[in-house]
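Examining the three-dimensional arrangement
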Amino acid sequence: MTSSPQAVDLLATLADIAPDSSLARARHTRQAATEHSQGSYDALFNSNENLQDFPLAERLLLAQQIARWHNDIQLGAHYAERLNALKSQNDTPRGHYSAALAHAERLSFKPAHATAGHLQELVEAGWSLDGIVTLSQLVAFVAFQSRLLRGYRLINGHTVVDNGDFPVGASFWRTDATTHSGKQAPKAFTQDELSWEPWIAPKSFAAFTPEQQATLTRFGHADSDYFRLLGRNLPVLEQRTLTDKGIFFTSGGLPRQDRELAAAVASKINGCIFCASVHARKAAQLSKNPQAVQRLLDTAPGDIPSHDQEARWQAEIAFSAALSATPANANARHIAGLRELGLSDLELLDLVQSTAFFAWANRLMLTLGEPFIPS
């Protein structure tokens with residue numbers, strides 16, 4: 001089954017970004033992120049490569065529901081329109097769709113509550129390991145999409161759905177003493193280096209074709225259990241990796257330490273100790289302000305992570321936290337405050353994209369495996 005032709009830049013269409021606008025120019029400056037965000041969508045919804053056991057109708061039906069959970073009316077309508085256009089629109093989802101829906105709801109609202117047992121439930125419901133990876137990528141990607149769209153609309157001065165106007169507190173996180181396999185688990189957010197182990201088997205490097213091995217090697221993924229697990233759907237992983245690089249490894253705009261800070265904030269809101277350790281450490285190194293970063297990490301569940309920060313970081317943390325909530329409640333007041341502090345449209349774009357990407361990354365890390373303290 002093939003999909004209907006889509007706009008080259010779906011997000012620009014759904015966010016109503018005029019081609020001559022300042023935001024359009026900023027997105028052109030970040031062309032790699034723009035191109036590969038669309039490429040990630042195409043790999044999930046305009047391709048059947050590695051997706052034979054996950055029909056397009058089920059993918060679209062699930063994406064429609066996830067968009068609704070995130071309270072994004074336009075995004076939900078887009079997926080509903082594509083679903084209705086399929087000739088097989090009256091097909092009944094297979095029996096294991098209900099297990100996928102439960103997985104999607106957990107990833108959307110409470111990813112830090114995921115356990116290895118939940119993945120076993122998917123296996124018992126008939127999901128292959130490749131299918132579980134693709135399913136998780138799809139749920140996490142739509143979470144990313146919805147936050148990009150809200151951020152773009154706010155930068156452009158467009159109206160967004162009112163999801164409340166309240167400070168977003170830090171999330172619950174798992175505090176088990178040991179991992180599923182018995183390794184020592186971190187109980188608190190830290191700037192120390194951590195390791196991560198999967199709950200389902202990654203592919204061995206030898207199981208990939210020579211061409212696929214070259215792709216993994218090019219991105220430095222060959223020796224990583226995490227990336228060889230995501231490599232069960234390599235086209236999606238490739239586009240996701242290029243999106244990541246386009247957001248974080250580009251010059252100008254928001255300083256790199258502030259992009260890393262946004263990643264750490266999203267991880268704090270989602271309860272992802274592993275991602276927070278990586279990006280908090282980078283933010284601390286680049287800003288030369290490890291104490292401020294540690295104050296963010298030390299925020300207790302329910303407390304406000306922007307407290308006791310200098311003005312610019314306080315505003316950025318508050319915005320990133322609000323954009324990371326489900327549904328997101330970042331609003332025009334946040335953007336106005338950031339503009340008053342001198343952030344340009346390109347800097348605002350970088351802040352939005354850095355935060356939104358970790359709506360994607362955290363949901364994979366939290367629900368496909370867990371961190372441990374290396375010995």
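All residue numbers here refer to positions counted from 1 along the written sequence of the relevant chain. pLDDT decides what is reported in this predicted model: residues at 70 or higher carry local features, side-chain atom pairs at 80 or more are listed and counted, and totals for whole chains, interfaces and linings draw on all residues regardless. Only hydrogens and water are set aside when side-chain values are computed; all heavy atoms of the structure are taken into account.

**Some points on the state of the cysteines**
By convention in this document, the label disulfide applies to cysteine sulfur atom pairs within 2.5 Å. If you walk through the whole model with that rule in mind, you get 0 disulfides. We note that Cys272 lacks a disulfide partner, and the nearest cysteine sulfur, in Cys275, lies 3.4 Å from it. Only protein chains enter the area calculation, which uses a 1.4 Å probe; residues under 20% of their type maximum are buried, those over 50% are exposed, and those in between are partly exposed. Judged by its relative accessible area of 2%, Cys272 is buried.

**With respect to helix H13 (residues 273-287)**
Between the first and last C-alpha of H13 there are 20 Å, a value that for 15 residues agrees with the 21 Å anticipated at 1.5 Å per step. Segments assigned H or I by DSSP are reported as helices when at least four residues long, segments assigned E as strands when at least two residues long, and all are numbered from the N terminus. Burial analysis of H13 places 11 of its 15 residues in the buried class, which makes it a mostly covered element. Considered for burial, the residues of H13 that qualify are Ile273, Phe274, Cys275, Ala276, Ser277, Val278, His279, Ala280, Arg281, Ala283 and Ala284. Any two residues whose heavy atoms approach within 4.5 Å are treated as being in contact. Against strand E1 (195-198), helix H12 (256-270), helix H14 (290-297), helix H17 (345-368) and strand E2 (369-372) lie the buried residues of H13. With its phi angle positive at about 60 degrees, Lys288 sits one or two positions after the end of H13. An expected span of 1.5 Å times one less than the residue number is assigned to each helix.

**Quick notes on the UniProt feature "domain: Carboxymuconolactone decarboxylase-like" (unreviewed entry) in the protein chain**
UniProt records the feature "domain: Carboxymuconolactone decarboxylase-like" (unreviewed entry) at residues 237-297, using the numbering of this structure. Secondary structure content for residues 237-297 is 82% helix and 0% strand, and the end C-alpha separation is 28 Å. UniProt positions are given in the numbering used here, feature names are shortened, and annotations may be inferred rather than shown by experiment.

**What to know about the packing of aromatic side chains**
In this scheme Phe, Tyr and Trp rings, the latter by its six-membered ring, pair at centre separations within 6.5 Å, and the angle between planes marks the pair as stacked below 30 degrees, edge-to-face above 60, and tilted otherwise. Tallying each qualifying case throughout the model produces 16 aromatic pairs. Taking the centre distance of 6.1 Å and the plane angle of 85 degrees together, the rings of Phe144 and Phe357 count as edge-to-face. Within this pair, whereas Phe144 is found in helix H8 (residues 129-155), its partner Phe357 is found in helix H17, the two being separated by 213 residues in sequence. Under the relative-accessibility criterion, Phe357 is labelled buried at 1%. Ring centres of Phe357 and Trp360 lie 5.6 Å apart, and the angle between their planes is 50 degrees; on these two criteria the pair is classed as tilted. With Phe357 and Trp360 both in helix H17, this residue pair falls 3 residues apart, about one helical turn.

**Quick word on the packing of helix H3 (residues 31-45) against H8**
Under this scheme, a helix contributes an axis fitted over its contacting stretch, all axes are lines through C-alpha atoms, and angles between N-to-C directions fall in the 0 to 180 degree range. Packing of H3 against H8 brings their axes to within 11 Å, and their N-to-C directions diverge by 140 degrees. Between H3 and H8, the crossing angle belongs to the class labelled oblique. As for how H3 packs across H8, the hand of that crossing is left-handed. For the pair H3 and H8, the contacting residues are Ser37, Ser40, Tyr41, Leu44 and Phe45 in the first and Thr134, Gln137, Leu138, Phe141, Val142, Phe144, Gln145 and Leu148 in the second. Under this scheme an angle from 65 to 115 degrees is roughly perpendicular, one under 35 degrees roughly parallel, and one over 145 degrees roughly antiparallel; angles in between are oblique. Should the near helix be turned counterclockwise from the far one by less than a right angle, the crossing is left-handed, whereas a clockwise turn marks it as right-handed.

**Let's talk about helix H15 (residues 311-324)**
Residues lying three or four places apart along an α-helix face the same way, a consequence of the helix completing one turn every 3.6 residues. The first and last C-alpha atoms of H15 sit 20 Å apart over 14 residues, in line with the 20 Å expected at 1.5 Å per residue. Of all the 14 residues making up H15, 10 are buried; the element is thus mostly covered by neighbouring parts of the structure. Buried within H15 are the following residues: Trp313, Ala315, Glu316, Ile317, Phe319, Ser320, Ala321, Ala322, Leu323 and Ser324. Against H8, H12, H13, H14, helix H16 (332-340) and H17 lie the buried residues of H15. One side-chain oxygen of the residue at the start of H15 lies 3.0 Å from the amide nitrogen of Arg312, identifying that residue as Glu310. Polar contact is defined as a pair of N or O atoms within 3.5 Å, subject to the rule that within protein one atom must be able to donate a hydrogen and the other to accept it, and that residues adjacent in sequence are counted only when both atoms are side-chain atoms.

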